[in-house]
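Residues per chain, in single letters:
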Amino acid sequence: MHKTFQNKKSNYYSSCMKEVYIKWAFLLSIQIFWDAVIAVPVVMILTQAIKVFFPIQPKYVPAIALALGLMISIFISHKHNFLAGVFMGFFYGYAAIGNYASLKTTIRSFKNKTTKK
């Protein structure tokens, strides 16, 4: 009888751990979605809006993107963990800078190819 009780107890804990794992996996997937699909484009859009509405020299635009990424990360997406907020803020800012630079290079290359023909 003791072994039966032990098996039921271990099965109960095993099922509870599976539930916890599924919930954490779901929450982690939501956080990854926020980081990759929402936060970085928001930083890019806000940076471009600031460039349109305010006369800013181009050399300051990456710093603005980085500052926006840090603010969004620290105060919105990771407000309960400062170190995660700082780390992910740098990720948001630099990802936005890299995406913008890549897009700009692609557009320039495409324009050069079409004008040469």
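Here goes a summary of the coordinates provided. Quantities reported herein were computed from a predicted structural model and do not represent experimental measurements.

Considerations on the layout of surface pockets
For the largest pocket, the calculated volume is near 220 Å³. Contributing to the lining of the largest pocket are 15 residues, with Gln48, Lys51, Val61, Pro62 and Tyr100 lying nearest its centre. If you list the elements that add at least two residues to the lining of the largest pocket, you get α1 (2–53), α2 (61–77) and α3 (82–116). In terms of residue class, the lining of the largest pocket is built from eleven nonpolar, two polar and two charged.

Focus on the nonpolar core
Core analysis: the largest hydrophobic core is formed by ten residues, namely Ala39, Val40, Val43, Ala65, Leu68, Ile72, Met88, Tyr92, Ala95 and Ala96. Taken together, the elements giving at least two residues each to this core come down to α1, α2 and α3. Ranked by the residues each element gives to this core, the list is headed by α3, at four residues. Ignoring anything within four residues of it in the chain, the contact list for methionine 88 reads Asp35, Ser73 and His78.

Regarding the side chain of serine 73
Locating serine 73 in the fold gives a position in helix α2. Dropping the residues within four chain positions of it, serine 73 is found in contact with His78, Lys79, Ala84, Gly85, Met88, Gly89 and Tyr92.

What counts and what doesn't
- Within each chain, residue numbers correspond to sequence positions counted from 1 in written order.
- Reporting of local features is limited, given that this is a predicted model, to residues whose pLDDT is at least 70; pairs of side-chain atoms are given and counted only at 80 or more, and all residues count toward the totals for whole chains, interfaces and linings.
- As a rule here, side-chain values cover all heavy atoms of the structure and leave hydrogens and water aside.
- Residues are said to line a cavity or pocket when one of their atoms sits within 4 Å of a point; the points come from a 1 Å grid over protein atoms alone, cavities being sets where a 1.4 Å probe fits but cannot get out and pockets being open sets with protein on both sides within 12 Å along at least five of seven lines.
- Grid points are joined across faces, edges and corners, and a volume is the space filled by probe spheres set on the points.
- Numbering goes from the N terminus for both helices and strands, where a helix is a DSSP run of H or I of at least four residues and a strand is a run of E of at least two.
- Three categories are distinguished: nonpolar for Ala, Val, Leu, Ile, Met, Phe, Trp, Tyr, Cys and Pro, charged for Asp, Glu, Lys and Arg, and polar for the others, with Gly belonging to the last.
- Definition used in this section: a nonpolar core is a set of buried Ala, Val, Leu, Ile, Met, Phe, Trp, Tyr and Cys residues joined via side-chain atoms within 4.5 Å.
- With a 1.4 Å probe rolled over the protein chains alone, any residue whose accessible area is under 20% of its type maximum counts as buried; one over 50% counts as exposed, and the rest are partly exposed.
- Note on contacts: a residue pair is in contact if any heavy atoms of the two residues lie within 4.5 Å.

Taken by themselves, the reported measurements are silent on function.
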